[in-house]
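Commentary on secondary and tertiary structure
The residues making up each chain are set out below.
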Amino acid sequence: MDFAEVIRRRYSVRAYQRRAIEEDVLQRVLEAFVLAPTAANRQAFGLVVIPTAGREPELARIYGRDWFAAQAPLVVCACAIPDQGWVRRDGKSYADVDVAIAMDHLILAATNEGLGTCWIGAFDPAAAREVLGLPEGVEPIAFSPLGYPADMPKPKRRKRLEQLVHQERW
Ligand SMILES: Cc1cc2nc3c(=O)[nH]c(=O)nc-3n(C[C@H](O)[C@H](O)[C@H](O)COP(=O)(O)O)c2cc1C
């Protein structure tokens, strides 16, 4: 797919087919996560790949929508390891920024393969920690189902470019 088309085609998929993801397709999507840039190249993050089959009740504790826990063959969780990330002199940690970039790499690569994704931030972090067995210092930042879409995109509602892009000064 042409890159501009990938950007246009990505949308939050909230219904998935149960169809399995081919191994080579999955590898390309995971490689996009690994190739993302990070502040000072610290790569202070990790991705948990969770097959949903048989784990639906556990996943539903993390985020209770059926399309999250019980449709797509996989759910992924991008995690930050803040203690290993780059911190600016004024104390600002870039760990979450690094994770967001890597997750978006994964999401755009998935779109390019015809797969659907949906950023999930409104999950239960305590349930996520328990179900995924996250060690101390590893923080779940974002989830997404990963699977072939079973819905259609809606028209995008966005602010106008002029509202968001400032020329020279805010
Ligand atoms: C950081 C982040 C967190 C989000 N969390 C959720 C969520 O918990 N549940 C959900 O259904 N959508 C979630 N979304 C999806 C947004 O609602 C969606 O991206 C936005 O409405 C624009 O629609 P589009 O992705 O289809 O273009 C999240 C998106 C982002 C970027």
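Refer to the structure above for everything that follows.
Residues numbered from 1 in each chain as written. Predicted model: local features only at pLDDT ≥ 70, side-chain atom pairs only at ≥ 80, totals over all residues. Heavy atoms only, no water.

The environment of the ligand is made up of 13 residues, and the closest members are Ser12, Tyr63, Trp119, Lys156 and Arg158. Between the ligand and Gly121 there is a distance of 2.9 Å, counted from a nitrogen atom to a backbone nitrogen or oxygen. A distance of 2.8 Å separates an oxygen atom of the ligand from a polar side-chain atom of Arg158. When the ligand sits alone it has 620 Å² of accessible area, and the protein chains cover 59% of it. (Near = heavy atom within 4 Å. Polar contact = N/O pair within 3.5 Å; in protein donor to acceptor, adjacent residues only side chain to side chain. Areas by Shrake-Rupley, 256 points an atom, 1.4 Å probe, with all protein chains shown as cover.)

Attention shifts here to the nonpolar core. Note that soluble globular proteins tend to have their nonpolar side chains buried in a common cluster. Within the largest apolar cluster, 25 residues are counted, with the highest numbers of intra-cluster contacts made by Ile62, Phe68, Ile120, Leu132 and Phe143. Mapped onto this core, the elements with two or more residues apiece are α3 (56–62), α4 (66–69), β2 (74–80) and α6 (125–132). Looking at this core element by element, the count peaks at four residues for α6. Contacts of Phe68, omitting those with residues within four sequence positions, involve Thr52, Leu59, Ile62, Tyr63, Val75, Ile120, Phe143 and Pro145. (Core = buried A, V, L, I, M, F, W, Y, C linked by side-chain atoms within 4.5 Å. Buried < 20%, exposed > 50% of the residue type's maximum accessible area, 1.4 Å probe, protein only. Helix = DSSP H or I, 4+ residues; strand = E, 2+ residues; numbered from the N terminus. Contact = heavy atoms within 4.5 Å.)

Attention now goes to unusual backbone geometry. Even without being a glycine, Asn41 presents a positive backbone phi close to 55°. Mapping Asn41 onto the fold places it in the loop between α2 (23–34) and β1 (45–51). Judged by its relative accessible area of 54%, Asn41 falls in the exposed class. The phi torsion at Glu168 lies on the positive side, around 70°, for a residue other than glycine. Along the polypeptide, Glu168 turns up in the segment after α7 (161–164).

The subject of this paragraph is the packing of α2 against helix α5 (residues 95–112). Relative to each other, α2 and α5 sit at 155°, their axes nearing to 7 Å. Looking at the two axes, α2 sits roughly antiparallel to α5. Of the two possible hands of crossing, α2 and α5 adopt the one that is right-handed. On the side of α2, the interface is formed by Arg28, Val29, Leu30, Ala32 and Phe33, while α5 contributes Ala102, Met103, His105, Leu106, Ala109 and Ala110. Residue composition of the contact of α2 with α5, by class: nine nonpolar, one polar and one charged. (Axes fitted to C-alpha atoms, helices over the stretch in contact; angles between N-to-C directions. Parallel < 35°, antiparallel > 145°, perpendicular 65-115°, else oblique. Left-handed = near helix turned anticlockwise from the far one by under 90°. Nonpolar A, V, L, I, M, F, W, Y, C, P; charged D, E, K, R; others polar.)

Let's shift gears to the sheet that holds strand β3 (residues 139–146). Within the open sheet, the three strands sit side by side as β1-β2-β3. Their pairing is antiparallel. With partners counted over all chains shown, the strands left at the sheet margins are β1 and β3, one partner each. On average, each strand axis in the sheet is tilted by 20° relative to the strand beside it, whichever way the strands run. With seven bridges connecting them, β1 and β2 associate as antiparallel partners. Within the sheet, the bridge partner assigned to Val49 lies in β2 and is Val76. Seen against the sheet, α5 touches β1, β2 and β3 and runs at an angle of roughly 155° to β2. The strands that α6 touches are β1, β2 and β3; relative to β3, the one it contacts most, it runs at about 80°. (Pairing = 2+ DSSP bridges.)

Turning to α5, a few remarks are in order. Compared with an ideal rise of 1.5 Å per residue, which puts 18 residues at 26 Å, α5 spans 26 Å between its outermost C-alpha atoms and is within 8% of the ideal. Ala95, Asp98, Val99, Ala102, Met103, Leu106, Ile107, Leu108, Ala109, Ala110 and Thr111 are the residues of α5 that are buried. Among the residues trailing α5, Gly114 stands out with phi positive, at a value near 85°. (Expected span 1.5 Å × (residues − 1).)

What the rule picks out here adds up to eight salt bridges. Put simply, Glu113 and Arg28 hold a salt bridge, and the shortest N to O gap is 2.6 Å. A residue pair is termed long-range when its members are at least 10 positions apart, and Glu113 in the loop between α5 and α6 and Arg28 in helix α2 qualify at 85 residues. With its nearest N and O atoms 3.4 Å apart, the salt bridge here joins Arg61 to Glu130. Of the two residues, Arg61 is situated in helix α3 and Glu130 in helix α6; the sequence distance between them amounts to 69 residues. A residue is classified by how much of its surface remains accessible, and Glu130, at 56% relative accessible area, is exposed. Bridged by salt links that share partners, the residues Asp24, Arg28 and Glu113 form one connected network. (Salt bridge = Lys/Arg side-chain N within 4 Å of Asp/Glu carboxyl O.)

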